[in-house]
Amino acid sequence: LDEVMLLSLASQLPFAELAAFRDLFLRLDCDGDGRLDVRELSQAMHDAGVGTECSTEAARKLTKSGPLEFSRFVAALVPSRPELLTVYLKDAFNRLDTDGDGVVTASELRSILEQKQLPGAYGAGVATTHVLESFDDTTSKSRRNSVSFECLSQHASALCA
């Protein structure tokens, strides 16, 4: 759920907000291949204000399926900019809540993932399975099969802590 939410949010950022991320991405892409490996990403997160231990762990998680391209890089750094998360989170939630009932369900996520596969090195089926398993883990903690905006907002705040 985190990845889908952050990718959705990152895809809606205005160009002016993306410019700083783009400049950082280009500086850190040492080999110029348009992707960041775990070492490059960890350094980027650290430069953006994420603690060393947290940035190393997050970089490993985010690159477990291969190097990160720009959209996933922006999604990884959004938590370092809580003001962006606050401003664009409701829009991201509304895009995920396809039926407008105020909660995001596994079936809504599945539908979105089948229409628009996650960018990056995931295979189509792997991405859907990975995100839905993550969603199930998140919702099982609250004993619900859906996530409200309030719950998502609290979760997003924890990502920025």
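Each remark here, short or long, concerns the structure printed above.
Residues numbered from 1 in each chain as written. Predicted model: local features only at pLDDT ≥ 70, side-chain atom pairs only at ≥ 80, totals over all residues. Heavy atoms only, no water.

Helix and strand content of the chain: nine helices and two strands. Along the chain, helices (α) and strands (β) appear in the sequence α-α-α-α-α-α-β-α-α-β-α when read from the amino end. Burial status across the chain gives 40% buried among its 161 residues. Taking all contacts inside the chain whose residues are at least 6 apart in sequence as the whole, residues at least 24 apart take part in 66%. Accessible area of the chain: about 8500 Å², with a carbon and sulfur share of 52%. (Helix = DSSP H or I, 4+ residues; strand = E, 2+ residues; numbered from the N terminus. Buried < 20%, exposed > 50% of the residue type's maximum accessible area, 1.4 Å probe, protein only. Contact = heavy atoms within 4.5 Å. Areas by Shrake-Rupley, 256 points an atom, 1.4 Å probe, with all protein chains shown as cover.)

Their axes nearest at 10 Å, the elements helix 2 (residues 15-28) and helix 5 (residues 70-77) cross at an angle of 110°. Relative to helix 5, helix 2 is oriented roughly perpendicular. In the crossing of helix 2 with helix 5, the sense of the turn from one axis to the other is right-handed. Counting all contacts with helix 2, which are made through L18, F21, R22, L24 and F25, the residues of helix 5 involved are F70, F73, V74 and L77. Looking at the contact of helix 2 with helix 5 residue by residue, the class counts come to eight nonpolar, no polar and one charged. (Axes fitted to C-alpha atoms, helices over the stretch in contact; angles between N-to-C directions. Parallel < 35°, antiparallel > 145°, perpendicular 65-115°, else oblique. Left-handed = near helix turned anticlockwise from the far one by under 90°. Nonpolar A, V, L, I, M, F, W, Y, C, P; charged D, E, K, R; others polar.)

All right, on to the nonpolar core then. Formed by 39 residues in total, the largest nonpolar core has its most connected members in L9, L13, F21, F73, V74 and V78. Contributions of two or more residues to this core are made by helix 1 (2-11), helix 2, helix 3 (38-47), helix 4 (52-62), helix 5, helix 6 (82-96), helix 7 (106-115) and helix 9 (149-160). The element best represented in this core is helix 6, accounting for seven residues. If we ignore the near neighbours within four places in the chain, the residues touching V74 are A10, L13, L18 and F21. (Core = buried A, V, L, I, M, F, W, Y, C linked by side-chain atoms within 4.5 Å.)

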